Protein chains: 2
Amino acid sequence: MIRVNLDSDEVPDRWYNIVPDLPEKLPPAIHPGTREPLKPEEWEGLFPKALVRQELSEERYIRIPEEVREALITIGRPSPLYRARRLEKALGTPARIYFKREDLSPAGSHKPNTAIAQAYYNMAEGVENLTTETGAGQWGSALSSACALYGLKCTVFMVRSSYDSKPYRKFVMKMFGADVYASPSNVTEFGRKVNREDPTCSGSLGIAISEAVEMAVKGEKTKYALGSVLNHVMLHQTVIGLEAQKQLEKIGEKPDTLIACVGGGSNFAGFTFPFIHDKQKGKNDAKFIAVEPQSVPSLTGMKSGESKYDYDFGDTAGMTPMLKMHSLGHDFMPRVIHAGGLRYHGMSPLVSLLYKNNVIEAEALHQAETFAAGKLFAETEGIIAAPESCHAIASAINHARAAKKANEEKVIVFNLSGHGLLDLQNYADMLKF
Amino acid sequence: MIRVNLDSDEVPDRWYNIVPDLPEKLPPAIHPGTREPLKPEEWEGLFPKALVRQELSEERYIRIPEEVREALITIGRPSPLYRARRLEKALGTPARIYFKREDLSPAGSHKPNTAIAQAYYNMAEGVENLTTETGAGQWGSALSSACALYGLKCTVFMVRSSYDSKPYRKFVMKMFGADVYASPSNVTEFGRKVNREDPTCSGSLGIAISEAVEMAVKGEKTKYALGSVLNHVMLHQTVIGLEAQKQLEKIGEKPDTLIACVGGGSNFAGFTFPFIHDKQKGKNDAKFIAVEPQSVPSLTGMKSGESKYDYDFGDTAGMTPMLKMHSLGHDFMPRVIHAGGLRYHGMSPLVSLLYKNNVIEAEALHQAETFAAGKLFAETEGIIAAPESCHAIASAINHARAAKKANEEKVIVFNLSGHGLLDLQNYADMLKF
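Since the model is a prediction, treat every value here as computed from it, not as a measurement.

Rules of the game
Residues numbered from 1 in each chain as written. Chains lettered and ligands numbered in written order. Predicted model: local features only at pLDDT ≥ 70, side-chain atom pairs only at ≥ 80, totals over all residues. Heavy atoms only, no water. Helix = DSSP H or I, 4+ residues; strand = E, 2+ residues; numbered from the N terminus. Rg over C-alpha atoms; globule rule 2.2 N^0.38 Å. Buried < 20%, exposed > 50% of the residue type's maximum accessible area, 1.4 Å probe, protein only. Contact = heavy atoms within 4.5 Å. Areas by Shrake-Rupley, 256 points an atom, 1.4 Å probe, with all protein chains shown as cover. Lys, Arg positive; Asp, Glu negative; His and termini not counted. Charge placed at Lys NZ, Arg CZ, Asp CG, Glu CD. Salt bridge = Lys/Arg side-chain N within 4 Å of Asp/Glu carboxyl O. Pairing = 2+ DSSP bridges. Axes fitted to C-alpha atoms, helices over the stretch in contact; angles between N-to-C directions. Least-squares fit on C-alpha atoms with pLDDT ≥ 70 in both. Expected span 1.5 Å × (residues − 1). Core = buried A, V, L, I, M, F, W, Y, C linked by side-chain atoms within 4.5 Å. Parallel < 35°, antiparallel > 145°, perpendicular 65-115°, else oblique. Left-handed = near helix turned anticlockwise from the far one by under 90°. Nonpolar A, V, L, I, M, F, W, Y, C, P; charged D, E, K, R; others polar.

Participant: Quick rundown of the overall build of chain A? Include the residues and the values.
Facilitator: Tallying secondary structure elements over chain A gives 17 helices and 15 strands in all. Relative to the globule expectation of 22 Å for 433 residues, the C-alpha radius of gyration of chain A, 20 Å, shows essentially globular dimensions. Oriented by its inertia axes, the alpha-carbon framework of chain A measures out at about 60 × 50 × 40 Å. Evaluated residue by residue, chain A yields a buried proportion of 67% over its 433 residues. Expressed as a percentage of contacts within chain A between residues at least 6 apart in sequence, the contacts between residues at least 24 apart total 76%. A total of about 14700 Å² of accessible surface is found on chain A, and carbon and sulfur atoms cover 48% of it. Taking the average place of the 50 positive charges on the side chains of chain A and the average place of its 52 negative ones, the gap between the two points comes to 4 Å.

Structure, rendered in C-alpha cells:
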C-alpha cells in the first residue's frame, strides 16, 4: 500500500469543533479597550455573521454547506494519505510513516480549506471585498484564489521581506486578480506610520494584519479574513484530520504519533483535533506533537521565559481583539528565517489551551535540521516540501529513528502542509546549491 | 461531477503501442553514416536493451513491470480527470470540457511517466549514470527524480537561456542530486566547439542533446535518456490516455475533440493514441488536435515550407540516428518563446506519420493568446498551467466557443500536461504584472 484514496463523496459533510471537548473552558476573546468579553456584534465589524457564529460556537459538529463541499472537491479533496516506504527504508526504521498530502491543492497548501469557507460565507452575506495579510504567501495565494471563485475582490498585505524575496508568490496572487501591497505599505495610516518611524522596516505578520484590519474597518462592504489562529479557521481545517481518520481506519492502522508544524496553529489543529477527540473516546493512545522553529518558540519558549500564556493582540498596532494565547509579544520582530509561514508571534488559543493542559506536546527545531530533512524527503519520496512542512518531516524522522533504537513498530503520521516549489531559493541558500 | 478518480489498482498494467495500428508502415530510424536502418545493437550504444526492444516493437500491448506500476502510483497515478465547469460557465458554452491532470506529479508534468520507466530499465541492466538534456526543465526534473528513485547518477544539460532564466528548475534537479550544466557547456567537445564559435550562444535542445549523447557514448556504464520524440517514450506516456478512456467510460462520455500541445509530441501521443485506436474500432468519432506555437511550426509549417517531412537528426551535431519526421531543420534556432518545452525542431515520427495521413490535425497559436487562456483558466479553475499546456487550454477554449456558436453539445477533453508554478515569471512578463 502506497497511497490511500477516498472518493469525492467522502469529503466530510461536517467540521469538528473541539471547543466542547476541551479540558477547561476556553477564555473568551476580549475587547482591547473595555477588557470585556467581545460581543458577537463587535466581531461582526471584521467578519460575517456566519463566521462569528462559528467562532463562538460550542456545538461539536457544524455542517459544511454543499457549495463549500463542492469547492473542496474542486481543489482536490479528499487529499490522499501516503505511506513513506522509501523514507522508512532509508532510515532502516521499523516504524511505519504516513503523511497527509495538503500540498496538492492548486494553492499548494492546506490554506484553501479555510479560504474557500471564508470567501463563501462573506459572499453569501453580500461582502464584496476581503482584505488580508500574508507572510510566506501561502495564505494570500489561497484567499486570492478563493475570492476569484466567488467573485470577491481581494487585497493582500504581504510582509515586505517576503514580497521582495518571493516574487513568484506575488505573481500567483496576481494570476487570481488580487491587489498585493508590500507591508508596511503607504495605503494605510498604520503602514505610513511604521514607514515614517523606520523606512527600512522589512515588515512582520503583526504589521500586515494591522494594515488589513484598518482597510477592512474603513472600507465599504469590506471584511477581513485571517488564515490561522482563530477558532473558525481551526474548525475549517479539521477536514484534514477527519479524512485522515477514515484513511487510517481503511488500512487498519492506529496512530501512535501525530506530527504537524505550527505557526499560528491551523494545519496542526486541523490535522490533530479529530484524533484528540478519538483519544478521549479511547480509540487511540497517540502523542500529538507541534513542531516550531527554534527562533520563533511561542510554545517551547515558556521555559526560557521568551513566551507567555496570556492575553495579547493578534497584530502589532493593537487593533484586533485580545486573545489568550502563547505569545512572544505582539511587537515580536522575527528573524528572517526561511519558513515564513511560521514567523507569527502568537499561537491559536485552542492550540495554546491544549498545550497548557499537556494534551499536546511541542518541539523546537533548528532550520538547518529541517532543510536537511526536506532534502532526504525529496530524494526518497520525490516531493519537495514547504520549509514549514520540513519541520514536521524532521520531527517524524527523529521519531522514526527513536523507534529504530527502541525497536518499536510505531505508526507515525505527519501532515505535509504544503509544497516548496516556490521556496526553492530557500533550499538553495540553506543547502548551498 | 467535478472529478473522476480511479483507484490505485486501476493504474494500467500494459502500455499501448500504436505501431501495429498505423495507416502505413513506420519508416525506420537510419544510421547517419550508412543511411541503412539502424540495427538493435547500434541503438544499444545509447539505450538499454529493454528500451531498444520497445523502440522497435510491433506488439500492440507491452506489459508494465510491477516495480514501474508501483512507482507510478507513488507519483500520483492514476491522475484524476476534471470537468472544467466554471470555465464552461465563463464561456457560456454548451460544450462539456474535461481535462486530464498531469500537473499533479511531484515533478509537475507528464514527464515522470517515461522517466520512471527509463530509469528502471537502465538500473535493471546495470547502468549507473544517465545523461540527458532539458529545455524548460520539466524533463530534467522528472529524470533527476526518477534517477534518485533507482539510485542512478543523473547529468542534465540545460539549455542556457532556461538555465539563466529559470533558476528554480535547476534547484529542483539539484534537490534530487543531479549534476546540471548550462548548455553549450565546457564539459563536452561539442559544447566547447559551439562556445568557441559563438560565445553568446543561448543554446537549443538540439545542442543540449548533442552534449548529452556525447557524454553517454564516451562514459562507462553510462546511457542517454530522451524525454520525447522516440517510440518508447510515446509508449510510456499512453498511461495518460488509457486512464482517461476508463474515466470517460465511467461517466458515460464519448469524446468529440481531444487536444494536447506538441513540442516533441509525447504528451499528445500519450493522451490521444489509445483514443485513436478506439476510433479505428468505431468506439468514437473524435478529432485529435495537436497545438503548437506559431513560432515553432513543425507540423503547420508544412504549408509555408518552413517545415519538411523527411529524415533529419534529432540533435544539432548530427550524432543521433536520423528519424523520418516533421522538422524545422536540426540547426533550427528557436526564438526565446516562453513555452520552453515546445521549442524543439522535430516531431515524433509516430505523430508525424499520423499527421501526414490526416489521422490527426494541427493548430498553431500565438503565445499571447495562450497566456490569456492560462489566466482565464487560473481564474475559473484555480490552477496555474504550464505555458506549454496553455496551448491546449487556448485551443479548448476556441473549440468551446465554436460549439457555442453552432449550439452543439460537444465533449472536449484536453491534457493539462503540467503546472506553471515555476514559469510565473513568464506569465508576469506576458501579462505585465
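Right, picking up where we left off after that structure.
Participant: Explain the pattern of salt bridges to me, and be specific about the residues and the numbers.
Facilitator: Enumeration over the complete set of coordinates arrives at 43 salt bridges over all chains. A salt bridge links B:E408 to B:K410, with the nearest nitrogen and oxygen atoms 3.9 Å apart. If you follow the salt bridges from partner to partner, you end up with A:R77, A:K100, A:E102 and A:E243 in one network.

Participant: Please give an account of the sheet that holds strand 1 (residues 3–4) of chain A that cites residues and values.
Facilitator: Residue and element names in this part refer to chain A. Pairing within the open sheet is mixed, and its seven strands lie in the order 1-4-5-15-10-11-14. Each end of this open sheet is capped by a strand with a single partner; those strands are strand 1 and strand 14 (361–365). Where strand 11 (residues 287–293) and strand 14 come together, five bridges link them in parallel fashion. Residue pairing in the sheet places P293 in a bridge with L365 of strand 14. Contacts from helix 12 (residues 239–250) reach strand 1, strand 4 (81–83), strand 5 (96–101) and strand 15 (411–416) within the one sheet, and its direction differs from that of strand 5 by about 140°. Packing against the sheet, helix 16 (residues 387–405) makes contact with strand 5, strand 10 (257–261), strand 11, strand 14 and strand 15, and its axis sits at approximately 150° to strand 10.

Participant: Talk me through the relation of the copies chain A and chain B; I want residue IDs and the actual numbers.
Facilitator: When chain A is fitted onto chain B, the two copies agree to an RMSD of 0.0 Å after a turn of 180° and an axial shift of 0.0 Å. Such values leave the two copies arranged in the relation of a two-fold axis. Mapped onto chain B, 100% of the interface residues of chain A are again interface residues, and the two copies thus contact each other with one and the same surface.

Participant: Please set out helix 15 (residues 367–381) of chain B residue by residue, giving values where relevant.
Facilitator: All names here are of chain B. With 15 residues, helix 15 should reach 21 Å at 1.5 Å per residue; the first-to-last C-alpha distance of 20 Å fits that figure. When helix 15 is considered as a whole, its buried residues turn out to be Q367, T370, F371, A373, G374, K375, F377, A378, T380 and E381. Phi turns positive one or two residues past the end of helix 15, at G382, with a value near 80°.

Participant: Now, about the nonpolar core: what can you tell me, with residues and values included?
Facilitator: Counting residues in hydrophobic clusters, the biggest one holds 234 residues, and the most contacted among them are A:F414, A:L424, B:F273, B:F414 and B:L424. Ignoring anything within four residues of it in the chain, the contact list for B:F273 reads B:Y16, B:I18, B:M234, B:T238, B:F268, B:L350, B:V351 and B:L354.

Participant: Account for the sheet that holds strand 11 (residues 287–293) of chain B, with residues named and values stated.
Facilitator: Within a sheet, each strand pairs with its neighbour through backbone hydrogen bonds, oriented either parallel or antiparallel. All names here are of chain B. Strands sit in the order 1-4-5-15-10-11-14 across an open sheet of seven strands; the sheet is mixed. Bordering the open sheet on either side are strand 1 (3–4) and strand 14 (361–365), each of which pairs with just one other strand. Taken together, the three bridges between strand 4 (residues 81–83) and strand 5 (residues 96–101) define a ladder with antiparallel strand orientation. Paired with R83 across the two strands is Y98, which belongs to strand 5. Lying on the sheet, helix 13 (residues 266–280) is in contact with strand 5, strand 10 (257–261), strand 11 and strand 15 (411–416); it crosses strand 10 at an angle near 160°.

Participant: Just give me the short version of the packing of helix 17 (residues 424–431) of chain A against helix 8 (residues 167–175) of chain B, but keep the residues and values in it.
Facilitator: Helix packing for two helices is described by the angle between their axes and how far apart those axes are. Packing of helix 17 of chain A against helix 8 of chain B leaves a shortest axis separation of 9 Å and a crossing angle of 55°. Taken together, the axis directions place helix 17 of chain A and helix 8 of chain B in an arrangement best described as oblique. For helix 17 of chain A against helix 8 of chain B, the interelement crossing comes out left-handed. Side by side, helix 17 of chain A and helix 8 of chain B meet where A:L424, A:Q425, A:Y427, A:A428 and A:L431 of the first sit next to B:Y168, B:F171, B:V172 and B:M175 of the second. When grouped by side-chain class, the residues that make up the contact of helix 17 of chain A with helix 8 of chain B number eight nonpolar, one polar and no charged.

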